[in-house]
Amino acid sequence: MAITVTWLNAVLNKPRDKILRKADTNGLSVRVTLRGKVVFTYRYRLEGKQTSVDIGTYPSTSLIEARAKALEIMTQLQQGIAPKTDEDETEPPTLTIKDLCLKWYEDYVKVQRKNEAPAVLRIMELHLFPEHGHVAVNSLTVKGAFTLLSELAKSQTTSRFITLLQQLKQAFRYGVKFYDVEHNPLSEITSRDFGKQLQDRDRVLSDDELIQITQRIETGDFTVEQRCVFWIVLHTGCRHSELTQAQHSHFDIDAGVWTVPRELSKNKMAVVRPLSAECMVYVKRLMERNSHSPFLLPGRSPSAPVQVTWGCHIARKMREFFKDQPDVEEWTMHDLRRTARTAWSQWTEQHVAELMLGHKLTGVHAVYDRDNYLSEMTETYKKWAYRDWE
C-alpha cells in the first residue's frame with residue numbers, strides 16, 4: 001500500500017522500539033528511526049549490488065517532492081547514471097557501544113571525574129567491550145538492551161554489574177544529548193530488574209576483631225605501603241580513595257594537618273583533618289619511601305598515583321587469611337571508616353564526627369556554621385588513637 005501524508009504524520013516524532021521501513025512506489029521507501037525521524041529513501045541495484053540513498057526527511061521534504069526525486073533517480077539509472085550521494089545523503093558510520101563509551105569517557109569522565117577515569121576505563125575494557133562493544137547503539141531496542149544486560153548480570157558480581165549499568169546509562173544519556181544517539185533504551189532499566197541490589201552495609205568491627213586484624217597487618221604478608229594505608233584509614237576514617245590520590249603537598253607536617261583538595265573529595269569540598277602523632281608516623285614513612293614522587297603512593301610511574309581502588313587489595317588479602325576463622329567476619333576497607341565513626345560518637349558531637357569523615361554539614365550547621373572544629377577533631381582523634389588495638 002502506498003504511503004500517505006496521514007500515515008507520515010502519524011509516525012512522525014513517535015518513539016518506537018525498532019526501526020520501521022515502509023515501501024511506496026518506484027523504489028521510494030520510508031525509514032522511521034527509533035526517535036520517530038522520517039527519512040525518504042530510494043533503493044536500487046547498481047552493478048548487481050543492492051544499495052540505497054537518502055533523498056530527504058519529512059516534513060522538510062514533502063511526499064510529492066520525494067516521489068518526484070525518486071522518479072528522477074530512476075530515470076538517471078535507466079540512462080546508466082548513478083545517483084549523486086554526498087556526505088549528507090550517505091549513512092553515517094555505525095556507532096557502537098564501544099565508540100559511545102569511549103566518546104563519553106574522553107569528553108566527560110577524563111575532564112569531570114579525572115581521578116576515577118583509569119578505573120572507569122579499565123572495567124569497561126575488561127568486562128563490557130570484549131563481548132558487547134560491537135553492538136550498534138541506534139539499533140539497540142529496550143528488549144535488546146535487556147538481553148544484553150541479562151548476560152552481563154549472569155557473568156558479573158553484583159557490585160561490578162551495577163557499576164557497568166550506571167556507566168552505560170550515563171554514556172547513553174550523554175550520547176542522546178551531544179551525539180547522534182537516537183534514544184536511550186536503558187533509561188527505565190534498573191539493577192533490580194535482574195535481581196541485583198547492593199545491600200546497605202552496617203558492618204562495624206568489634207574490639208576483638210580489630211585486635212586480631214591489627215596484629216595480622218603487622219605480621220602478615222603485607223607491604224610497607226599496605227600497612228601504612230591500613231593504619232591511616234583506621235586512624236582518620238578517610239576514604240581510601242582520598243589517600244591513594246594524595247600528594248606530599250597535601251600534608252602540613254609541622255602543623256600535623258592533612259588537607260584533601262576539593263577535586264579529590266567525593267563531596268567536592270576541601271576536607272581538613274588534624275592527624276594524631278600515631279597517624280603521622282605512617283604518613284612520614286610513606287613520604288620517606290616515595291620521596292622520588294609527588295604522590296604519597298605512586299603507581300608504576302612516579303608521575304602518577306596508584307589506582308583509586310588500590311587499597312581494596314588489603315581487605316581482600318586479609319579476608320583470605322581469616323576465611324576459615326569464624327570469629328572474624330568478612331569486612332571491607334570502608335567498614336574501617338564506619339567503625340571509626342561509630343567510636344567517635346562516644347567523645348564528640350555528631351556534626352564534628354561528620355566533618356571528620358569529610359561529610360557536608362546539614363540543616364542550620366550547613367547555613368551558618370563556618371567553624372572548622374580542628375581542636376575538637378584533634379581531641380577525638382587522640383582518644384581514638386589511644387585505643388588498645390595491638
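Fair warning: this is a prediction, and the values are worked out from it, not measured in the lab.

## Re helix 8 (residues 207-219)
Now for step 1: The end-to-end C-alpha distance of helix 8, which contains 13 residues, comes to 19 Å, matching closely the 18 Å that a straight helix rising 1.5 Å per residue would cover.
Now for step 2: Of the positions making up helix 8, those classed as buried are Glu209, Leu210, Ile213, Thr214 and Ile217. End-on, the buried residues of helix 8 take up no more than an arc of 125°, which puts them together on one face. Of the exposed residues in helix 8, those oriented more than 90 degrees away from the buried face are Asp208 and Thr219.
Now for step 3: Taken together, the buried residues of helix 8 touch helix 9 (224-236), helix 12 (312-322), helix 13 (333-344) and helix 16 (374-385).

## Brief notes about the packing of helix 4 (residues 117-127) against helix 7 (residues 158-178)
Now for step 1: In contact at an axis separation of 11 Å, helix 4 and helix 7 are set at 105° when each is read in the N-to-C sense. It follows that helix 4 is roughly perpendicular to helix 7 by the angle criterion. Facing helix 4, whose interface residues are Val120, Ile123, Met124 and His127, helix 7 presents Arg160, Thr163, Leu164 and Gln167.
Now for step 2: Classifying every residue of the contact of helix 4 with helix 7 gives 4 nonpolar, 3 polar and 1 charged.

## What about the pairing of strand 2 (residues 28-32)?
Now for step 1: A large share of strand 2 lies buried, amounting to 5 of its 5 residues.
Now for step 2: Pairing of strand 1 (residues 20-23) with strand 2, which is carried by 4 bridges, proceeds in the antiparallel orientation. By the bridge assignment, Lys22 is partnered in strand 2 with Val30.
Now for step 3: Hairpin connection of strand 1 to strand 2: 4 residues between the antiparallel strands, including Asn26 at a positive phi of 55°.

## With respect to the environment of Gly36
Now for step 1: Mapped onto the elements of the fold, Gly36 is located in the loop between strand 2 and strand 3 (38-46).
Now for step 2: Assessed through its relative accessible area of 0%, Gly36 is described here as buried.
Now for step 3: For the pair Gly36 and Phe146, spaced 110 residues apart in the sequence, the C-alpha separation amounts to 21 Å.
Now for step 4: Beyond its immediate sequence surroundings of up to four residues, Gly36 is in contact with Val11, Leu12, Asn13 and Lys14.

## Some details on unusual backbone geometry
Now for step 1: Backbone torsion omega between Tyr58 and Pro59 reads 10°, so that peptide bond is classified as cis.
Now for step 2: By secondary structure assignment, the location of Pro59 is in the loop between strand 4 (49-58) and helix 2 (63-78).
Now for step 3: Notably, Asn13 is not glycine yet its phi reads approximately 60°, a positive angle.
Now for step 4: Relative to the helices and strands, Asn13 is located in the loop between helix 1 (5-11) and strand 1.
Now for step 5: Residue classification places Asn13 among the exposed positions, given a relative accessible area of 57%.
Now for step 6: Even without being glycine, Lys268 reaches a positive phi, approximately 60°.

## Describing the side chain of Thr236
Now for step 1: By the secondary structure assignment, Thr236 is in helix 9.
Now for step 2: Excluding its chain neighbours within four sequence positions, the residues that come into contact with Thr236 are Trp258, Arg273, Leu275, Cys279, Trp344, Met356 and Tyr381.

## Some words on helix 3 (residues 97-112)
Now for step 1: Its 16 residues place the ends of helix 3 21 Å apart at the C-alpha level, agreeing with the 22 Å of an ideal helix rising 1.5 Å per residue.
Now for step 2: Among the residues of helix 3, those classed as buried are Ile97, Leu100, Cys101, Trp104, Tyr105 and Val109.
Now for step 3: Its buried side turned inward, helix 3 meets helix 4, helix 5 (129-132), helix 6 (142-155) and helix 7.

## Some details on the sheet that holds strand 6 (residues 257-260)
Now for step 1: Across the sheet, 3 strands lie side by side as 5-6-7; this open sheet has antiparallel pairing. Two strands in the sheet have a free side with no partner beyond their single neighbour: strand 5 (251-252) and strand 7 (271-274).
Now for step 2: Where strand 6 and strand 7 come together, 4 bridges link them in antiparallel fashion. Bridge pairing in strand 7 links Trp258 to Arg273.

## Brief notes about the nonpolar core
Now for step 1: Membership of the largest hydrophobic core comes to 52 residues, with the highest contact counts inside it found for Phe230, Leu243, Trp258 and Trp331.
Now for step 2: Those elements that provide at least two residues to this core are helix 8, helix 9, strand 6, helix 11 (277-289), helix 12, helix 13, helix 14 (350-357) and helix 16.
Now for step 3: In terms of residue count, the dominant contributor to this core is helix 9 (7 residues).
Now for step 4: The contact partners of Trp331, leaving out residues within four places of it in the chain, are Arg201, Arg203, Leu205, Ile213, Phe230, Ala315, Met318, Arg319 and Leu336.

## Considering the packing of aromatic side chains
Now for step 1: For the structure shown, the criterion picks out 12 aromatic pairs.
Now for step 2: These aromatic residues form a ring-pair network of at least three members: Tyr108, Tyr174, Phe178 and Tyr179.
Now for step 3: Over the face of the ring belonging to Tyr179 we find Lys103, whose NZ or CZ atom lies 5.0 Å from the ring centre.
Now for step 4: Above the ring of Phe321, the side-chain terminus of Arg216 is found at 3.5 Å from the ring centroid.

Cut-offs applied
Residues numbered from 1 in each chain as written. Predicted model: local features only at pLDDT ≥ 70, side-chain atom pairs only at ≥ 80, totals over all residues. Heavy atoms only, no water. Helix = DSSP H or I, 4+ residues; strand = E, 2+ residues; numbered from the N terminus. Expected span 1.5 Å × (residues − 1). Buried < 20%, exposed > 50% of the residue type's maximum accessible area, 1.4 Å probe, protein only. Arc of directions from axis to C-beta. Contact = heavy atoms within 4.5 Å. Axes fitted to C-alpha atoms, helices over the stretch in contact; angles between N-to-C directions. Parallel < 35°, antiparallel > 145°, perpendicular 65-115°, else oblique. Nonpolar A, V, L, I, M, F, W, Y, C, P; charged D, E, K, R; others polar. Pairing = 2+ DSSP bridges. Core = buried A, V, L, I, M, F, W, Y, C linked by side-chain atoms within 4.5 Å. Phe/Tyr/Trp six-rings, centres within 6.5 Å; stacked < 30°, edge-to-face > 60°. Lys NZ or Arg CZ within 6 Å of the ring centre and 35° of its normal.

In short, shape yes, function no, at least from these values alone.
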